[in-house]
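Listed here are the chains, written in short residue letters.
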Amino acid sequence: MINQHQKKFAEEIEKERPELGKRPDWLKVRLPSGENYKKVFELMRKSKLNTVCEEAKCPNLAECWNRKTATFMILGDTCTRSCGFCNVKVGMPTELDLDEPRRVAESVESMGLRHAVITSVNRDELKDGGASIFSETVRLIREKMPQTTIEILIPDFKGEEESFEIIMKNPPDILNHNLETVQRLYHAVRPQAKYERSLELIRWFKDKGLRTKSGIMVGIGETQEEVFELIKNLYDHGCEIMTIGQYLQPTKNHLPVHRFVTLDEFQSYKVFGLKTGLKAVESSPLVRSSYHADKHAELV
């Protein structure tokens, strides 16, 4: 549920935008299927695990699962922040599942994953923001599946370096932290986050020697010039890999879509990012943060 400031922002978007019309053909998605997709789905239910693939209704779910790549969402299913684009439940979590890292590691082993992505809700009520659970999850996956590459998509941990240091006890192959949107829209889209804090997080882990990654969504009210500036900001702070996808409103209680970004514009972002110096840019309407994550790991 969006707050009053976000509601006002949503009203401004709907007032200024032209009629959206129906979704373009390039935003149509096939229903998930495939043998490995079915195995992963059944295992997730059996292990009582969450995947952001399902929680966020990712359009690439079947493709990734069939490529033996999956994104686990740890630290529960309730987030302490109220981002205007996210469909994850918001509230105050009541417990911390200390056995979750073991179940994730066993699931990675059971599925024989080539690449595992670990993300989470925000847990601002925890002293370390959940960093210790991230670290233990990576450690156990390494123990059971040393050949599996690991990417972690972390929250900002409120910028606390103590939490960053916990992550570095068991470092991943790729450290991902999404900016999500341009600086001007942060207050409406990510009210409890800070643009500069997220950039500094990326720089901190890059300085520690990790491969760094970030992602944004477009079509939520930004301009092309703002996206170009964000790409430069990311590169200047040590980001190497970037994902850019179309924002789609998950429910009527979330921020509305401002516009459907054209394929040519997505391509222009990719070209600009690579010219700026990024090593890899995934930019198209259905791209999400973990899209082709296994390929990015091969750059390590």
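Rules used in this analysis
- Residues numbered from 1 in each chain as written.
- Predicted model: local features only at pLDDT ≥ 70, side-chain atom pairs only at ≥ 80, totals over all residues.
- Heavy atoms only, no water.
- Helix = DSSP H or I, 4+ residues; strand = E, 2+ residues; numbered from the N terminus.
- Contact = heavy atoms within 4.5 Å.
- Areas by Shrake-Rupley, 256 points an atom, 1.4 Å probe, with all protein chains shown as cover.
- Core = buried A, V, L, I, M, F, W, Y, C linked by side-chain atoms within 4.5 Å.
- Buried < 20%, exposed > 50% of the residue type's maximum accessible area, 1.4 Å probe, protein only.
- Polar contact = N/O pair within 3.5 Å; in protein donor to acceptor, adjacent residues only side chain to side chain.
- Arc of directions from axis to C-beta.
- Axes fitted to C-alpha atoms, helices over the stretch in contact; angles between N-to-C directions.
- Parallel < 35°, antiparallel > 145°, perpendicular 65-115°, else oblique.
- Nonpolar A, V, L, I, M, F, W, Y, C, P; charged D, E, K, R; others polar.

*Asks:* Could you give an account of the overall build of the protein chain, with specific residues and numbers?
*Replies:* Secondary structure summary: the protein chain contains twelve helices and ten strands in total. Residue pairs at least 24 apart in sequence account for 76% of intrachain contacts in the protein chain once pairs closer than 6 positions are excluded. Carbon and sulfur atoms make up 50% of the accessible area of the protein chain, which totals about 14,000 Å².

*Asks:* Can you lay out the environment of N3 for me, pointing to particular residues and giving the numbers?
*Replies:* Its location among the elements puts N3 in the segment before α1 (4-16). Through-space distance from the C-alpha of N3 to that of G84 is 8.3 Å; in sequence the pair is 81 residues apart.

*Asks:* Which residues make up the nonpolar core, and what values do they have?
*Replies:* Counting 71 residues, the largest nonpolar core has I118, F134, I152, L179, F205 and I244 as its most contacted members. Apart from residues no more than four positions distant in its own chain, I152 is found in contact with I118, F134, V138, I167, P172, I174, L175 and N176.

*Asks:* Would you mind going over the environment of V88 in detail, with residue names and values included?
*Replies:* One can find V88 in the loop between β3 (78-79) and β4 (89-90). V88 gets classed as buried once you look at its relative accessible area, which sits at 12%. Put simply, V88 and V121 are 33 residues apart on the chain and 7.9 Å apart in space, counted from C-alpha to C-alpha.

*Asks:* Run through the side chain of Q246, naming residues and quoting values.
*Replies:* Within the fold, Q246 resides in strand β9 (residues 241-246). Within the structure, the side chain of Q246 is placed 3.1 Å from the backbone oxygen of R259, a separation counted as a polar contact. Non-local contacts of Q246, meaning those with residues more than four positions away in its chain, are made with L27, V218, G219, V257, R259, F260, V261, F266, S284, P285 and R288.

*Asks:* Please give an account of the environment of M111 that cites residues and values.
*Replies:* Among the secondary structure elements, M111 is positioned in helix α5 (residues 100-111). With a relative accessible area of 10%, M111 lands in the buried category. Sequence separation between M111 and A70 is 41 residues, and the spatial gap between their C-alpha atoms is 9.4 Å.

*Asks:* Which residues make up helix α7 (residues 161-169), and what values do they have?
*Replies:* Along α7, the residues that are buried comprise S163, F164, I166 and I167. The buried residues of α7 all sit within an arc of 155 degrees when viewed along its axis, so they share a single face. Along α7, exposed side chains directed more than 90 degrees from the buried face belong to E162 and K169. Where the residues of α7 are buried, they touch α6 (131-144), β6 (149-153), β7 (174-176) and α9 (195-207).

*Asks:* Tell me about the packing of α6 against α7, and please be specific about residues and values.
*Replies:* In the contact formed by α6 and α7, the axes pass within 8 Å of each other and the chain directions differ by 10 degrees. When the axis of α6 is compared with that of α7, the two are roughly parallel. For the pair α6 and α7, contact is made by A131, S132, F134 and S135 and by S163, I166, I167 and K169, respectively. Residues of the contact of α6 with α7, tallied by class, amount to four nonpolar, three polar and one charged.

Geometric descriptors of this kind do not, in isolation, establish any biological role.
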